Amino acid sequence: MDPNRAFREMPLPLFAPAADDVAAEPANGPGKAPSYLADHRARLRDRFMQGGAAAMPDYELLELVLFRAIPRQDVKPLARLLIETFGDFNRVVTAAPARLLAVAGVGPAVVTELKIVEAAAQRMARARIMHRPVLSSWQSLLDYCHTAMAHREIEQFRVLYLDRKNVLIADEEQSRGTVDHVPVYPREIIRRALELNASALILVHNHPSGDPTPSDSDIAMTTRISQAADSMGITIHDHLIIGKSRELSFRSEGLL
């Protein structure tokens, strides 16, 4: 074991009760959490169940996630360190595994728990928009885009494919790039639209800087895709740029 690793990880089965939940067993037995730690975890869980996430600061919510990955040690210092390193709960959960592993005390079990939370959040947000009319549930679409992309550290370009009734039939990542650029291939986007028999598209990409203001290359790229789509009778409803706390709509800004 790495002597510099501050926290020891012992991952548990996903649905099995944690060892510190068994109140009848002595807290100071072999492999058991100290009683003060079990009490702290019980209080934190109770507060969450009574008041929900709104009643807890980010580091305490993160503690709840870390309980499963590190069942018999105090995870509050690690939770605080992760918040200090990445900024908030969302950025911790969506951070790249390599960056998480660079934080003292984080190992594969912690990364796995965080990625499960991230995947669950994205799956739930995606379920609210898939196979539904997108234009009548626009806020749900924006929520999904922010959940999936707002805290990414590199640019990602997604295409949402819609049928004739503007029902979302596919949501696909087209490409990934760097911190300030993503390669986009209009021909591939249109080819895929024809394969899916899509009648309309919504383009989406993120700006890791947090500022959704479009660059000249963003505008030029959108124009190329729009021209290619128009030649095939495909509508571009919008191009959304997702920032940290807000988004920009090309349609609303008169750029499309």
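Everything below is about the structure shown above.
K.L.:
Please give an account of the overall build of the protein that cites residues and values.
P.N.:
A tally of regular secondary structure across the protein gives 9 helices and 5 strands. Secondary structure elements of the protein occur, N-terminal to C-terminal, as α-α-α-α-α-α-α-β-β-α-β-α-β-β. As displayed, the protein offers around 13200 Å² of accessible surface, 54% of which is attributable to carbon and sulfur atoms.

K.L.:
Explain the packing of aromatic side chains residue by residue, including any values.
P.N.:
Within the structure shown, the criterion is met by 0 aromatic pairs. Seen from the ring of Tyr59, Arg80 lies directly overhead, with NZ or CZ sitting 3.9 Å from the centre.

K.L.:
Give a description of the sheet that holds strand E5 (residues 247–249) that names residues and reports values.
P.N.:
Spatial strand order, E2-E1-E3-E4-E5: 5 strands in an open sheet with mixed pairing. Across the chains shown, the open sheet's two edge strands, defined by having one partner strand only, are strand E2 (168–176) and E5. In this sheet, adjacent strand axes meet at a mean angle of 20° when their direction is disregarded. Summarising the sheet, strand E4 (residues 235–242) and E5 pair through 3 bridges and their orientation is antiparallel. For Ile242, the partnering residue across the bridge sits in E5 and is Glu247.

K.L.:
Lay out helix H2 (residues 58–69) with the relevant residues and their values.
P.N.:
The end-to-end C-alpha distance of H2, which contains 12 residues, comes to 17 Å, matching closely the 16 Å that a straight helix rising 1.5 Å per residue would cover. Taken across its 12 residues, H2 has 11 buried, putting it largely inside the fold. Residues of H2 that are buried include every one of Tyr59, Glu60, Leu61, Leu62, Glu63, Leu64, Val65, Leu66, Phe67, Arg68 and Ala69, and no others.

K.L.:
Can you lay out the environment of Ala109 for me, pointing to particular residues and giving the numbers?
P.N.:
Within the secondary structure, Ala109 is located in helix H6 (residues 108–127). Residues Ala109 and Ile70, 39 residues apart in the sequence, show an inter-C-alpha distance of 8.0 Å.

K.L.:
Explain the environment of Leu66 to me, and be specific about the residues and the numbers.
P.N.:
Relative to the helices and strands, Leu66 is located in helix H2. Leu66 sits 48 residues away from Leu114 along the chain, and the two C-alpha atoms are 8.2 Å apart. With residues near it in sequence (within four places) discarded, Leu66 still touches Val75, Leu78, Ala79, Leu82 and Val110.

Analysis parameters
- Residues numbered from 1 in each chain as written.
- Predicted model: local features only at pLDDT ≥ 70, side-chain atom pairs only at ≥ 80, totals over all residues.
- Heavy atoms only, no water.
- Helix = DSSP H or I, 4+ residues; strand = E, 2+ residues; numbered from the N terminus.
- Areas by Shrake-Rupley, 256 points an atom, 1.4 Å probe, with all protein chains shown as cover.
- Phe/Tyr/Trp six-rings, centres within 6.5 Å; stacked < 30°, edge-to-face > 60°.
- Lys NZ or Arg CZ within 6 Å of the ring centre and 35° of its normal.
- Pairing = 2+ DSSP bridges.
- Axes fitted to C-alpha atoms, helices over the stretch in contact; angles between N-to-C directions.
- Expected span 1.5 Å × (residues − 1).
- Buried < 20%, exposed > 50% of the residue type's maximum accessible area, 1.4 Å probe, protein only.
- Contact = heavy atoms within 4.5 Å.

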